[in-house]
Amino acid sequence: MSYFQSIEKIKYEGPSSRNPYAFKFYNPEEKIGGRTMEEFLRFGVAYWHTFTEDLSDPFGIGTAIRPWDKFNGMDLAKARVEAAFEFFEKLGVPYFCFHDVDIAPEGRTLRESNQNLDIIVAMIKDYMKDSKTKLLWNTVNNFSHPRFVHGAASSNHADVFAYAAAKVKKGLEIGKELGAENYVFWGGREGYETLINTDMKLELDNLGRFFHMAVDYAKEIGFDAQFLIEPKPKEPTSHQYDFDVASGYAFLQHYDLQDYFKFNIEANHATLAGHTFEHELRYARVNGMLGSVDANQGHPLLGWDTDEFPSDLYTTTLAMYEIIKNGGLGRGGLNFDAKVRRGSFTPEDLFHAHIVGMDSFAVGLKVAQKLIDDHVLEDFIAERYSSFHEGIGLDIVEGKVDFHKLEAYALGLTDIKHTSGRLELLKATMNQYLLRAYAGE
Ligand code: XLS
Ligand code: CA
Ligand code: CA
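Residues numbered from 1 in each chain as written. Chains lettered and ligands numbered in written order. Predicted model: local features only at pLDDT ≥ 70, side-chain atom pairs only at ≥ 80, totals over all residues. Heavy atoms only, no water.

1. Digging into the overall build of the chain
Then step 1. When helices and strands are tallied, the chain shows 16 helices and 14 strands.
Then step 2. Its C-alpha atoms give the chain a radius of gyration of 24 Å, within 12% of the compact-globule value 22 Å for 441 residues.
Then step 3. Judged by the C-alpha coordinates and their principal axes, the chain covers about 80 × 60 × 45 Å.
Then step 4. The 441 residues of the chain split such that 50% are buried.
Then step 5. Partitioning the intrachain contacts of the chain with sequence separation of at least 6 by distance along the chain shows that 78% fall at a separation of at least 24.
Then step 6. Accessible surface, the chain as shown: approximately 21300 Å² in total, 54% of it carbon and sulfur.
Then step 7. Side-chain charges in the chain split into 46 positive and 65 negative, and the spacing between the mean points of these groups amounts to 3 Å. (Helix = DSSP H or I, 4+ residues; strand = E, 2+ residues; numbered from the N terminus. Rg over C-alpha atoms; globule rule 2.2 N^0.38 Å. Buried < 20%, exposed > 50% of the residue type's maximum accessible area, 1.4 Å probe, protein only. Contact = heavy atoms within 4.5 Å. Areas by Shrake-Rupley, 256 points an atom, 1.4 Å probe, with all protein chains shown as cover. Lys, Arg positive; Asp, Glu negative; His and termini not counted. Charge placed at Lys NZ, Arg CZ, Asp CG, Glu CD.)

Given below as structure tokens:
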């Protein structure tokens, strides 16, 4: 049975194509900086937003019309797997990602939930044999069910800590079974609403213990995926413990976990934290902690996690700049943790959404590579910091001075000459590079 019968395989047709079911910029075989776009971008489809999501919001029920709507329970779970692999094939994506509850319904007991998972995981494994699409990462949903009302590993209730551990244990086993490249921990409800009922120290220590147990269990079963923490500052709790990369990195170092984790950076979470997407990528990169990316975008006027498909070329360019400078994402990829808008409820919209996301990152890759090849930002930045390349600056960098020497030097200064930061000139140059890529140059 076909779920997307009217849609053919999406092909690259180039910037002038008017075919809505074609890539205009994403050309999987095109080589950029020595690697094909497909190898470099490592796109992934988020199972939850594409196959499970019904597009409901706090003010209205779901609007999504999906060809698998007629099924229920385990039949629905199976239909979604069939639809998913048809979608992956038609879109030509190399990866997908899921939470446990996206692929199989929860049972009345943990045992029953695990049995449901076993059936669907076996089915997915079977489909993966004939598909080029692999598992970028999996995770477990330890936040939706009422048992997680006060958190999971940071819950006040020890039974919930145990239940959450059992679910992650199963998640790690599933990751191993399906050959996942990474395993993600997003905070979910790991945070708090108010300090007047919260033991923050115990919650943080418990989170640290939980992650160590996960590391130990992965080692025990020989699951060698890269572990990833996905920071988010708020939502659902008002204070999430993994606020951003900087606070997440401090947490990992404090609990001696920094060697086992990297970060999965989501664009919308970065902006919720009051940062740019590229800030989070840079912070992770310069600390050797950039693992993977949740490729989406927030709405500039809304203060919550809208998870829109990425279309802002300026941002995708700056993001790809960081990723190229990182030497790629290694085992990570660009997962479209993004959902179509509530008004875009047809199955066709799922294709349009992924096409705009893939094309936007392809443009970002091309423009960023060109900027790097031409040393546009590098030369300017090197010149801007040139005072550290010689004299007192070089002595500072090489650790040859102390406050006494710096004071003696400063006392002899009469005039400090600054140069312009040339922000507007650099933005104009960026626009030039972006428009040249649009013209196919
Ligand atoms: C929610 C998160 C979540 C993680 C995986 O805001 O983005 O979907 O990516 O649990
Ligand atoms: Ca995410
Ligand atoms: Ca999100």
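After that view, the rundown keeps rolling.
2. Focus: the packing of aromatic side chains
Each aromatic ring pair is described using two quantities: the centre-to-centre distance and the angle formed by the ring planes.
Then step 1. Counted under the stated rule, the structure contains 31 aromatic pairs.
Then step 2. Linked through ring pairs, Y3, F4, Y47, F51, W68, F85, F87, F88, F96, F98, Y127 and F351 together constitute an aromatic cluster.
Then step 3. In this arrangement the basic side chain of R436 is found over the ring face of Y433, its NZ or CZ atom lying 4.9 Å from the centre. (Phe/Tyr/Trp six-rings, centres within 6.5 Å; stacked < 30°, edge-to-face > 60°. Lys NZ or Arg CZ within 6 Å of the ring centre and 35° of its normal.)

3. A word on the site of ligand 1
Then step 1. By nearness alone, every residue bordering ligand 1 is listed as W48, H99, W137, W186, E230, K232, E266, H269, D294, D305 and D337.
Then step 2. The separation between an oxygen atom of ligand 1 and a polar side-chain atom of H269 is 3.2 Å.
Then step 3. Contacts to ligand 1 include D337, whose side-chain N or O atom sits 2.9 Å from an oxygen atom.
Then step 4. Isolated, ligand 1 exposes 290 Å² of accessible area, and the fraction of that covered by the protein chains is 93%.
Then step 5. Judged by its atoms lying within 2 Å of the grid points, ligand 1 is housed in the largest pocket. (Near = heavy atom within 4 Å. Polar contact = N/O pair within 3.5 Å; in protein donor to acceptor, adjacent residues only side chain to side chain. 1 Å grid on protein atoms, 1.4 Å probe; cavity = no way out; pocket = protein on both sides within 12 Å on 5 of 7 lines; lining within 4 Å. Sits in = over half its atoms within 2 Å of the grid points.)

4. Remarks on the sheet that holds strand β5 (residues 43-46)
Strand pairing within a sheet occurs via backbone hydrogen bonds; the two strands may be parallel or antiparallel.
Then step 1. Pairing in this closed barrel of eight strands is parallel, and the strands run β5-β6-β7-β8-β10-β12-β13-β14 around the ring. Shown here is a sheet whose adjacent strand axes are inclined to one another by a mean of 30°, direction ignored.
Then step 2. Where β5 and strand β6 (residues 95-99) come together, three bridges link them in parallel fashion. Note that in β6 the partner of G44 across the bridge is Y95.
Then step 3. On the sheet, helix α8 (residues 245-254) packs against β10 (226-230) and β12 (261-266) and is oriented at approximately 165° with respect to β12. (Pairing = 2+ DSSP bridges. Axes fitted to C-alpha atoms, helices over the stretch in contact; angles between N-to-C directions.)

5. Some words on the coordination of the calcium ion (ligand 3)
Then step 1. Protein-derived ligands of the calcium ion (ligand 3) are E266 (OE), E266 (OE), H269 (NE2), D305 (OD), D305 (OD) and D307 (OD), with the metal-ligand distances lying across 2.3 to 2.9 Å.
Then step 2. For the calcium ion (ligand 3), the single-chain donor residues occur in sequence as E-x2-H-x35-D-x1-D.
Then step 3. In this structure, the calcium ion (ligand 3) lies 4.2 Å from the calcium ion (ligand 2), and both are coordinated by E266. Here the residue H269 occupies a position in helix α9 (residues 267-272), and D305 occupies one in the loop between β13 (290-294) and α11 (313-325), the gap between them amounting to 36 residues. D305 carries the same exposure label as H269, and that label is buried. (Donors = N, O, S within 2.8 Å, 3.2 Å for Na, K, Ca; no water.)

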